[in-house]
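Working through the structure, step by step
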2 protein chains.
Amino acid sequence: MNQASEPFLHVEPEDIERTSLSIIRAELKEAGIRLDPENESVIVRAIHTTADFDYAKTLVFSEGAVAKAREALRSGAHIVTDTNMALAGVNRRVLASFGGEAHCFMADPDVAAEAKARGVTRATVSMERGTALGVPVIFAVGNAPTALISLCEAIQKGFRPELVIGVPVGFVNVVPAKEQILRTDVPYIVNRGRKGGSTVAAAICNALLYGDR
Amino acid sequence: MNQASEPFLHVEPEDIERTSLSIIRAELKEAGIRLDPENESVIVRAIHTTADFDYAKTLVFSEGAVAKAREALRSGAHIVTDTNMALAGVNRRVLASFGGEAHCFMADPDVAAEAKARGVTRATVSMERGTALGVPVIFAVGNAPTALISLCEAIQKGFRPELVIGVPVGFVNVVPAKEQILRTDVPYIVNRGRKGGSTVAAAICNALLYGDR
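The notes below deal with the structure included here.

Criteria and cut-off values
- Residues numbered from 1 in each chain as written.
- Chains lettered and ligands numbered in written order.
- Predicted model: local features only at pLDDT ≥ 70, side-chain atom pairs only at ≥ 80, totals over all residues.
- Heavy atoms only, no water.
- Core = buried A, V, L, I, M, F, W, Y, C linked by side-chain atoms within 4.5 Å.
- Buried < 20%, exposed > 50% of the residue type's maximum accessible area, 1.4 Å probe, protein only.
- Contact = heavy atoms within 4.5 Å.
- Pairing = 2+ DSSP bridges.
- Helix = DSSP H or I, 4+ residues; strand = E, 2+ residues; numbered from the N terminus.
- Axes fitted to C-alpha atoms, helices over the stretch in contact; angles between N-to-C directions.
- Least-squares fit on C-alpha atoms with pLDDT ≥ 70 in both.
- Parallel < 35°, antiparallel > 145°, perpendicular 65-115°, else oblique.
- Left-handed = near helix turned anticlockwise from the far one by under 90°.
- Nonpolar A, V, L, I, M, F, W, Y, C, P; charged D, E, K, R; others polar.

A separate point is the nonpolar core. Leu208 of chain A together with Leu208 of chain B are the most contacted members of the largest nonpolar core, which totals 145 residues. Excluding anything up to four places from it in sequence, Leu208 of chain A contacts Val42, Val66, Ala69, Arg70, Leu73, Leu163, Ile165 and Ile189 of chain A.

Here it is, written out as structure tokens:
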């Protein structure tokens, strides 16, 4: 789908995103890929942020996950990420307009100290901070499989997140950590396999925040 | 290369990155892909942040780009990114240890105002701010093709960046903007095609900062 000799198109700054999303939808159609209409806006934004059409095949959704997450966000749910990159990518202006806040505890000095003392990752401790916020939370995990494992442990103890976005990227324990989330009974959006990342986590949050625009 | 039934490995937190990089190198070798040793550390980190082995084929480097960029960074060069996500991903502690700073002008209110008044993107204006810093600069573009076009215009007028990392992702003008950088005479690391992103831009900066570790 890449042409090295592609010419420049004249597109106004405010139209670049809309044009990109139209191109993605057109190419999915050309390729004969039909997406579940409920999940389409999320999948298209994951492709938009990676230019990787694999996401059309590997993103999996628990029943009603998108509708439930949008309802939670509109009711003021917070978002907790496992990287400051993902935090930087979440549209906090829109989130705040619903009453929500976004958090990342990874760079907190007390998180680093506790992780070191316990011999666990900062991501593990960061998720525990998120589960202790005492408000409805959507977790967006784009980096650390240990964040997902930490959430699974909390879920086993009865914690109920509004949604787990499980899209860590990587080579060590990423695949089994994602599979573990799929076996829980909480709402999830998971990218099966090794791919994912902070940009994908943020794009999914934004797709949920934006609705079907 | 994905196994849904992959078991959990016991890996200490401090060993996860090293283990991941070893897995990537082993799989490249298995696939018969030999990388130029000078560029290997950059390519492996791009794969590490995406789990996408396409980067082994699509990342292209001007002659000596990695060595020149490492020398520039060790001499205190600054880094300018086109997203706050990429900025969040750059290891600013290591950068500061060499005397450098990282900048992203995208969220500056005066950048937004100027972009609106001129009918250009904020990325265009942000890169102009970078070229006006008056210090040696490495530009890391993970999002906006207009940032690359802006840099090409500055280069045509005689501006000389230490390096252009041209890895915007997307569907509108991304491919021709990358090809335009390849035709300049400045040091570059470019990912041909549509793929790239803020995480890739940050990973390349960090690979340059870390040396061959």
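Glancing now at the sheet that holds strand β2 (residues 78–81) of chain B. Residue and element names in this part refer to chain B. If you walk across this open sheet you meet the six strands as β1-β6-β5-β4-β2-β3, and the pairing is mixed. Two strands bound the open sheet, and with one partner strand each, they are β1 (59–61) and β3 (102–104). Strand-to-strand twist in this sheet, taken as the mean axis angle between neighbours without regard to direction, amounts to 15 degrees. Relative to strand β4 (residues 137–141), β2 runs parallel, the two sharing four bridges.

This part is about the relation of the copies chain B and chain A. Between the two copies, chain B and chain A, the superposition gives an RMSD of 0.0 Å; the rotation angle is 180 degrees and the shift along the axis is 0.0 Å. In short, the pair behaves as if placed about a two-fold rotation axis. It is Met85 of chain B whose C-alpha, among those of chain B, lies nearest the rotation axis, at 2.3 Å. Here 100% of the contact residues of chain B are again contact residues in chain A; the copies associate through an equivalent surface.

Take the environment of Val111 of chain A next. Residues and elements named next belong to chain A. When you line up the elements, Val111 lands in helix α7 (residues 109–118). Put simply, Val111 and Met127 are 16 residues apart on the chain and 10 Å apart in space, counted from C-alpha to C-alpha. In this structure Val111 touches Phe105, Arg122, Val125, Ser126 and Arg129, once residues within four positions along its chain are discounted.

Bringing the packing of helix α9 (residues 145–156) of chain A against helix α10 (residues 174–182) of chain A into the picture now. Residues and elements named next belong to chain A. The interhelical angle for the contact between α9 and α10, taken along N-to-C directions, is 30 degrees, at an axis separation of 9 Å. On the basis of their axis angle, the class for α9 and α10 is roughly parallel. Crossing of α9 over α10 shows left-handed handedness. Facing α9, whose interface residues are Pro145, Leu148, Ile149 and Cys152, α10 presents Val174, Ala177, Lys178, Gln180 and Ile181. Class assignment of the residues belonging to the contact of α9 with α10 gives a composition of seven nonpolar, one polar and one charged.

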